[in-house]
Protein chains: 2
Amino acid sequence: MNRDLILNATVMGLGMHLGAWRYGDADPFAYTDIGYYQEIGRLAEKGLLHALFLADTLAVSEENFERPNLGAMDPATVLAALAATTSHVGLVATASTTYNEPYNLARRFASLDHLSRGRAGWNIVTTFVPDVAANFGSEALPRGDARYDRAEEFVDVVRSLWGSWEPGSLVGNKTTGTFADSSRVHAIDHHGSHFDVRGPLTLPRSPQGWPVLFQAGSSGPGRELAARVADVVFTARNTLEAAKTFRDDIKTRAQTYRRDPHSIKILPGIVPILGGTEAEARRRKDDLDRLSGNAELRKLALRVGVRVEQLELDAPLPVELIEANKSFRASEGFRSAAVNLATSERLTVREILYRNGGGHLQVVGTPEQVADTIAHWHEAGAADGFNIMIDVLPDGLSELVSEVVPLLQKRGIFRTEIAGETLRENLGLGVYE
Amino acid sequence: MNRDLILNATVMGLGMHLGAWRYGDADPFAYTDIGYYQEIGRLAEKGLLHALFLADTLAVSEENFERPNLGAMDPATVLAALAATTSHVGLVATASTTYNEPYNLARRFASLDHLSRGRAGWNIVTTFVPDVAANFGSEALPRGDARYDRAEEFVDVVRSLWGSWEPGSLVGNKTTGTFADSSRVHAIDHHGSHFDVRGPLTLPRSPQGWPVLFQAGSSGPGRELAARVADVVFTARNTLEAAKTFRDDIKTRAQTYRRDPHSIKILPGIVPILGGTEAEARRRKDDLDRLSGNAELRKLALRVGVRVEQLELDAPLPVELIEANKSFRASEGFRSAAVNLATSERLTVREILYRNGGGHLQVVGTPEQVADTIAHWHEAGAADGFNIMIDVLPDGLSELVSEVVPLLQKRGIFRTEIAGETLRENLGLGVYE
């Protein structure tokens, strides 16, 4: 049996659910504490998860006074701290191509790859939150196509810098005094429409050569970037059909770039809300919803681009209103996920909130039910694995690792030992030479 | 007795001496390995040192193929890893105001301050290496005054962001659902000549409020920035008189900004090259020099702004040539340190190389001799402490901690226990509220 299911844990605030900070007796400010992240790292390794995936938000919005900002801490900085206390879990940090310089970013992720001995990943985002622009100058957030134009060039510069020290360029001969072979270290001399970068990088080639590239764009330009450069694509798909269509689309697009479709892995998000029985799981969900007030409803409104007053809990999602909003600027992926779910199954707003974890597949149920869904999607060709969005951290992760992971191992689809040294190897990706 | 001497260890490559990578049997590539930095962190804590200070270089030059780049790894990333394996040593990372965005930098250092529970420091540099500019666009390195103009505004933006969540703005009341008091979290609405930044920061106030600010400028604008904002000034002064004059100057300038002169600490660099006897120390130095070829000579030429062929080992430093170079763009501090040392004691180039560790005070001798010099400068009002530039890491640090630190403790000038929780407290700085 092919134990090739990929499982990552997504770390956001104190958990994916907006009521997480009020749940149980955990410290509501733990999301800035190193001990909190170390515990998450320990649990992820115990469960043999492939990677921790840290989301990011480069701005504070009004709702961040009601609960922790889901991406408050600098992700690469948090993961560098975990490089020291973990030994095999991948460390994937989100960073924006719109609000960084490629030389700094290439160097930071190469440093993380060295420090973690080959476990770094970069989740490429172009940033879609208009509030962020105001923290980086007087200009508005660039349009999606302009952001992706910059992102394409940005990624190429970063990859060139990562490759600027050839394998074998380090000599280290103490007797002759030859430290490096300068003929194998190259300026990149990049001159493009967005960047001029001479290079080479300050650092020799990192263990993975190229840290693993994650990407999550759903728009046309986002899919093209993914198909061309991503090793792993993270996506919000809350029906199996939508996930399968998306996965097929990305793998087909990848082939137009002459890539082996197996070299690009598609991971939908999944939000498991676990209970010993389905009734217990629903109680957990009800408690969390109550603790979040109507936060998820407001978030849904924001993500589909209507005002919260335009949503009624027991009425269908107002698809016409949503489609009439021509000034919509947030993530296309989240919006279409919610709309498709609502129309395909005629769900009310309340039912959407139940099924849709912020645009992602949500399973409120027993460990068996969660394992069934994961296995079913995996077998149906809808997912190479999942980015698991934990409702409440670290408890939800602890339950996942203790209750769900063993079921997936028993089914023979999830690994029972760690074969590779690097994240790239463990994801079943070709090693970049 | 006032045990207020400050001692930091400066971490560069495999050590400050350019022959370090060939010395002994250590791994010449250890400077990218986490275990190397963890050992340095362990030793610094054993010696009760105040901080690790990581230098930075944002470009590779020809000489980096002869030996490790002294600032190859991203400093804040390395120190985040050490946040997890150290508990009381300060973590001071260099970062450029010319090649970063203030929002990203403020967030990264606030994250490091949270993760280290109040031990982060930022060494503010404007970048003086022209090669770096080519990695960040098509424009040349801005002139010194333009760089400092940007740096002044950059630091103000960063401090405003660090202060954007007032103390007490976190509430965390699970019963009422009040997470934070939005009336105590403020946009900064900065609109300056270099930056437009709305804020607030994504993160609540970090343990130190403001991570400790280090600065090392020696030019007029550099000293003004230091006097206005720095908590700690790192400087290259290789005579006691020069150090005393510099320290007096900075403290006087600080008073014009209505600052308590005790609130700004002046730390010259010192390069101890240790041996059980003076003869052994000289042998260590001779071995290192031999292993570095003529690298230190070439570095001296670069730093004083002449061609290496214009330096003769047994002739005096060509001061007239040096002063005639009107296109000099590198650090004023390093240049004047070398020139002053040479003229005040009529030293040959060879003797300068012996006394001057890259512009810093260098003591080639026994632990007693090093401790004598440190104590003498401290008592004479030339230094609040030192940034110790270790010749070969980690061995030189191990010897310093075992042999020199106990002598300074015996003299009653260096601490024997750690009183404060944060770096700011341990440096004897006022706590920012």
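### Regarding the overall build of chain A
- When its secondary structure is counted, chain A shows 15 helices and 14 strands.
- Taken against the 2.2 N^0.38 rule, which gives 22 Å for 433 residues, the C-alpha radius of gyration of chain A at 21 Å falls within 12% of a compact globule.
- Taking the principal axes of its C-alpha atoms as reference, chain A extends roughly 75 × 50 × 40 Å.
- Counting only residues that meet the buried cut, chain A has 56% of its 433 residues in that class.
- Intrachain contacts of chain A at a sequence separation of at least 6 include 75% that bridge at least 24 residues.

### Considerations on the environment of Leu213 of chain A
Residue and element names in this part refer to chain A.
- Within the secondary structure, Leu213 is located in strand E9 (residues 212–215).
- For Leu213 and Ala120, which are 93 residues apart along the polypeptide, the C-alpha to C-alpha distance reads 9.1 Å.
- With near-sequence residues (within four places) excluded, Leu213 lies in contact with Trp122, Ile124, Val229, Ala230 and Asp231.

### Description of the relation of the copies chain A and chain B
- Structural alignment of chain A on chain B gives an RMSD of 0.1 Å, achieved by rotating through 180° and translating 0.0 Å along the axis. Those values place the two copies in the arrangement expected of a two-fold rotation axis. Considering only C-alpha atoms, the part of chain A nearest the rotation axis is Ala81 of chain A, at 2.0 Å.
- Interface residue correspondence from chain A to chain B reaches 100%, placing this contact among same-surface, isologous pairings.

### Some words on the packing of helix H1 (residues 34–46) of chain A against helix H2 (residues 75–83) of chain A
Residue and element names in this part refer to chain A.
- Where H1 contacts H2, the two axes come as close as 10 Å, and the packing angle between them is 65°. Classified by chirality, the crossing of H2 by H1 is right-handed. Packed against H1, whose contacting residues are Ile34, Tyr37, Gln38 and Gly41, the element H2 presents Val78, Ala81 and Leu82 at the interface.
- Along the lines of polarity and charge, the residues of the contact of H1 with H2 split into five nonpolar, two polar and no charged.

### Thoughts on the environment of His194 of chain A
All names here are of chain A.
- Mapped onto the fold, His194 is located in the loop between strand E7 (190–191) and strand E8 (196–197).
- Residue His194 is classed as partly exposed on the basis of its 17 C-beta neighbours within 10 Å.
- Taking the C-alpha atoms as reference, His194 lies 32 Å from Val304; in sequence the two are 110 residues apart.
- Beyond its immediate sequence surroundings of up to four residues, His194 is in contact with Arg150 and Glu153.

### Here's the deal with the interface of chain A and chain B
- With 60 residues of chain A in contact, the opposing surface of chain B contributes 60 residues.
- Where the side of chain A that touches chain B is concerned, the elements lending two or more residues are H1, H2, helix H3 (102–115), strand E5 (170–173), strand E6 (178–180) and E8 of chain A.
- Of the residues that constitute the side of chain A that touches chain B, the class distribution is 31 nonpolar, 19 polar and ten charged.

### A short note on the pairing of strand E13 (residues 360–365) of chain B
Residue and element names in this part refer to chain B.
- Among the six residues that make up E13, six are buried, leaving the element largely enclosed by the rest of the structure.
- Pairing of strand E11 (residues 265–274) with E13, which is carried by five bridges, proceeds in the parallel orientation. The partner of Val271 across the bridge, within E13, is Gln362.
- Examined bridge by bridge, strand E12 (residues 356–357) and E13 share two bridges and lie antiparallel to one another. Bridging across to E13, Gly357 finds its partner in His360.

### Some remarks on H2 of chain A
- Across the nine residues of H2 of chain A, nine count as buried, placing the element largely inside the fold.
- Among the residues making up H2 of chain A, those that are buried are Pro75, Ala76, Thr77, Val78, Leu79, Ala80, Ala81, Leu82 and Ala83 of chain A.

### Considerations on the nonpolar core
- Within the largest apolar cluster, 283 residues are counted, with the highest numbers of intra-cluster contacts made by Leu52 of chain A together with Leu52 and Ala81 of chain B.
- Apart from the residues within four sequence positions on either side, Ala81 of chain B is in contact with Ala80, Ala81, Ala83, Ala84 and Leu115 of chain A together with Ile34 and Tyr37 of chain B.

### Section: the confidence of the model for chain A
- The predicted model of chain A averages 93 in pLDDT, with 99% of residues at 70 or higher.
- If you check the scores for this complex, the pTM reads 0.93 and the ipTM reads 0.93.

### Topic: helix H3 (residues 102–115) of chain B
Residue and element names in this part refer to chain B.
- The first and last C-alpha atoms of H3 sit 20 Å apart over 14 residues, in line with the 20 Å expected at 1.5 Å per residue.
- Among the 14 residues of H3, 14 are classified as buried, and the element is accordingly described as predominantly covered.
- Looking at the residues trailing H3, positive phi occurs at Arg117, about 55°.

### A word on unusual backbone geometry
Residues and elements named next belong to chain A.
- The omega torsion of the bond from Gly199 to Pro200 falls at -5°, within 30 degrees of zero and hence cis.
- For the bond running from Leu393 to Pro394, omega is 0°, close enough to zero to count as cis.
- Along the polypeptide, Pro394 turns up in the loop between strand E14 (385–389) and helix H14 (395–410).
- Residue Arg258 is not a glycine yet carries a positive backbone phi of 60°.
- Mapping Arg258 onto the fold places it in the loop between helix H7 (240–256) and strand E11 (265–274).

### Some details on the pairing of E11 of chain A
All names here are of chain A.
- Here E11 lies mainly inside the structure; ten of its ten residues are buried.
- As a crossover connection, the stretch from strand E10 (residues 232–235) through H7 into E11 is right-handed.
- Two strands pair when backbone bridges link them, and E11 and E14 are joined in this way by two bridges, in the parallel orientation. Bridged to Ile270 within E14 is Ile388.

### Here's the deal with the packing of H1 of chain A against H14 of chain A
Residue and element names in this part refer to chain A.
- At a minimum axis distance of 9 Å, the contact between H1 and H14 shows a crossing angle of 10°. Here H1 is positioned roughly parallel relative to H14, judged by the angle of their axes. For H1 against H14, the interelement crossing comes out left-handed. Of the residues in H14, those in contact with Ile40, Leu43 and Lys46 of H1 are Leu397, Ser398 and Val401.
- Classifying every residue of the contact of H1 with H14 by side-chain character gives four nonpolar, one polar and one charged.

### Re the environment of Thr10 of chain B
Residues and elements named next belong to chain B.
- Turning to its location among the elements, Thr10 is positioned in strand E1 (residues 6–11).
- Thr10 sits in the buried class, given 25 other C-beta atoms within 10 Å.
- Residues in contact with Thr10, not counting those within four places in the same chain, are Met16, Phe53, Ala55, Gly269, Asn387, Ile388, Met389 and Ile390.

Rules of the game
Residues numbered from 1 in each chain as written. Chains lettered and ligands numbered in written order. Predicted model: local features only at pLDDT ≥ 70, side-chain atom pairs only at ≥ 80, totals over all residues. Helix = DSSP H or I, 4+ residues; strand = E, 2+ residues; numbered from the N terminus. Rg over C-alpha atoms; globule rule 2.2 N^0.38 Å. Buried ≥ 20, exposed ≤ 12 C-beta atoms within 10 Å, placed from the backbone. Contact = placed C-beta atoms within 7 Å. Least-squares fit on C-alpha atoms with pLDDT ≥ 70 in both. Axes fitted to C-alpha atoms, helices over the stretch in contact; angles between N-to-C directions. Left-handed = near helix turned anticlockwise from the far one by under 90°. Nonpolar A, V, L, I, M, F, W, Y, C, P; charged D, E, K, R; others polar. Pairing = 2+ DSSP bridges. Core = buried A, V, L, I, M, F, W, Y, C linked by C-beta atoms within 7 Å. pLDDT = per-residue confidence, 0-100. Expected span 1.5 Å × (residues − 1). Right-handed = clockwise from strand over helix to strand, strands pointing away. Parallel < 35°, antiparallel > 145°, perpendicular 65-115°, else oblique.

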